[in-house]
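Letter by letter, the chains look like this.
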Amino acid sequence: AAGLWTVFTLGGVGSKASTQLEQCSPLASQSLLLLLVLANLTDTPDTPNPYRQAIMSFKNTQDNTAFSSSNPHAFQINFNSLYTALCEQQKSDQATLLLYMLLHQNSNVRTYVLARTDIENLV
């Protein structure tokens, strides 16, 4: 997958020998790449991409509202832990791409990030 990532980035920033995420956990790096690939598969009108639907609709576990969703792919995750992990891994192209995707496709994540007072950690 690292070789494929190098091809996609055309020898750019992603072609570094090892990123911070790969050094601390190669399984996490490969899992993140798999998640990004699955979430970016194309939708068809009769069968929407379930991974993209899950990325677009997950909610915060610390939210006080009741968790009820008609979406069968909905789940909850701790946004504070996700935000901390994304802040620590911003030197990684994969983590930056995940953050970009979450900010653009999940309104719950976007609202949470915009409400944070320590946004400079992410930037």
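Let me sum up the structure you'll find in this document. (Residues numbered from 1 in each chain as written. Predicted model: local features only at pLDDT ≥ 70, side-chain atom pairs only at ≥ 80, totals over all residues. Heavy atoms only, no water.)

Describing the overall build of the protein
Counting its regular elements, the protein contains seven helices and two strands. Going residue by residue from the N terminus, the α and β elements of the protein occur as α-α-α-α-β-β-α-α-α. Here the protein, with 123 residues, has 30% of them falling under the buried criterion. Counting only contacts in the protein whose residues sit at least 6 apart along the sequence, the fraction spanning at least 24 positions is 48%. Summed over its atoms, the accessible surface of the protein is roughly 7,800 Å², and 60% of this surface lies on carbon and sulfur atoms. (Helix = DSSP H or I, 4+ residues; strand = E, 2+ residues; numbered from the N terminus. Buried < 20%, exposed > 50% of the residue type's maximum accessible area, 1.4 Å probe, protein only. Contact = heavy atoms within 4.5 Å. Areas by Shrake-Rupley, 256 points an atom, 1.4 Å probe, with all protein chains shown as cover.)

Details of the packing of aromatic side chains
A full pass over the atoms with the stated rule returns four aromatic pairs. Between Phe-79 and Tyr-112, the aromatic rings sit 5.5 Å apart at their centres with planes inclined by 75 degrees, giving edge-to-face as the arrangement. With Phe-79 in helix H5 (residues 79-88) and Tyr-112 in helix H7 (residues 107-115), this pair connects stretches of sequence that are 33 residues apart. Each member of the pair Phe-79 and Tyr-112 is classed as buried. Linked through ring pairs, Phe-58, Phe-75, Phe-79, Tyr-83 and Tyr-112 together constitute an aromatic cluster. (Phe/Tyr/Trp six-rings, centres within 6.5 Å; stacked < 30°, edge-to-face > 60°.)

Concerning the pattern of salt bridges
When charged atoms on two side chains of opposite charge get close, those side chains can pair. Tallying each qualifying case throughout the model produces two salt bridges. The partner of Asp-43 in a salt bridge is Arg-52, and the shortest N-O contact between them spans 3.0 Å. With a relative accessible area of 38%, Asp-43 lands in the partly exposed category. A salt bridge links Arg-116 to Asp-118; the shortest N-O distance between them is 2.9 Å. Looking at Asp-118, the relative accessible area reads 18%, which means it is buried. (Salt bridge = Lys/Arg side-chain N within 4 Å of Asp/Glu carboxyl O.)

Topic: the nonpolar core
Counting residues in hydrophobic clusters, the biggest one holds 19 residues, and the most contacted among them are Leu-86, Leu-98, Leu-102 and Leu-122. Elements represented by at least two residues in this core include exactly helix H3 (26-39), H5, helix H6 (93-105) and H7. Look past the residues within four positions of Leu-122 in its chain and what remains in contact with it is Tyr-83, Leu-86, Cys-87, Gln-90, Leu-99 and Val-113. (Core = buried A, V, L, I, M, F, W, Y, C linked by side-chain atoms within 4.5 Å.)

Some details on the packing of H3 against H6
At a closest axis distance of 10 Å, the pairing of H3 and H6 adopts a crossing angle of 40 degrees. Viewed along their axes, H3 and H6 form a crossing whose handedness is left-handed. Facing H3, whose interface residues are Ser-29, Leu-32, Leu-33, Leu-35, Leu-36 and Ala-39, H6 presents Gln-94, Ala-95, Leu-97, Leu-98 and Met-101. Tallied by class, residues from the contact of H3 with H6 come to nine nonpolar, two polar and no charged. (Axes fitted to C-alpha atoms, helices over the stretch in contact; angles between N-to-C directions. Left-handed = near helix turned anticlockwise from the far one by under 90°. Nonpolar A, V, L, I, M, F, W, Y, C, P; charged D, E, K, R; others polar.)

Here's the deal with H6
Its 13 residues give H6 an end-to-end C-alpha distance of 18 Å, which sits within 8% of 18 Å, the value for a rise of 1.5 Å per residue. All of the buried residues in H6 are Gln-94, Ala-95, Leu-98, Leu-99, Met-101 and Leu-102. Buried residues of H6, viewed axially, fall in a sector of 165 degrees; they line one side. The exposed set on the far side of H6, more than 90 degrees from its buried face, consists of Tyr-100 and His-104. (Expected span 1.5 Å × (residues − 1). Arc of directions from axis to C-beta.)

As for the packing of H3 against helix H4 (residues 50-57)
Their axes nearest at 7 Å, the elements H3 and H4 cross at an angle of 105 degrees. Taken together, the axis directions place H3 and H4 in an arrangement best described as roughly perpendicular. Between H3, through Leu-35, Leu-38 and Ala-39, and H4, the contact on the second element is made entirely by Tyr-51, Arg-52 and Ile-55. In the contact of H3 with H4, the residues fall into five nonpolar, no polar and one charged. (Parallel < 35°, antiparallel > 145°, perpendicular 65-115°, else oblique.)

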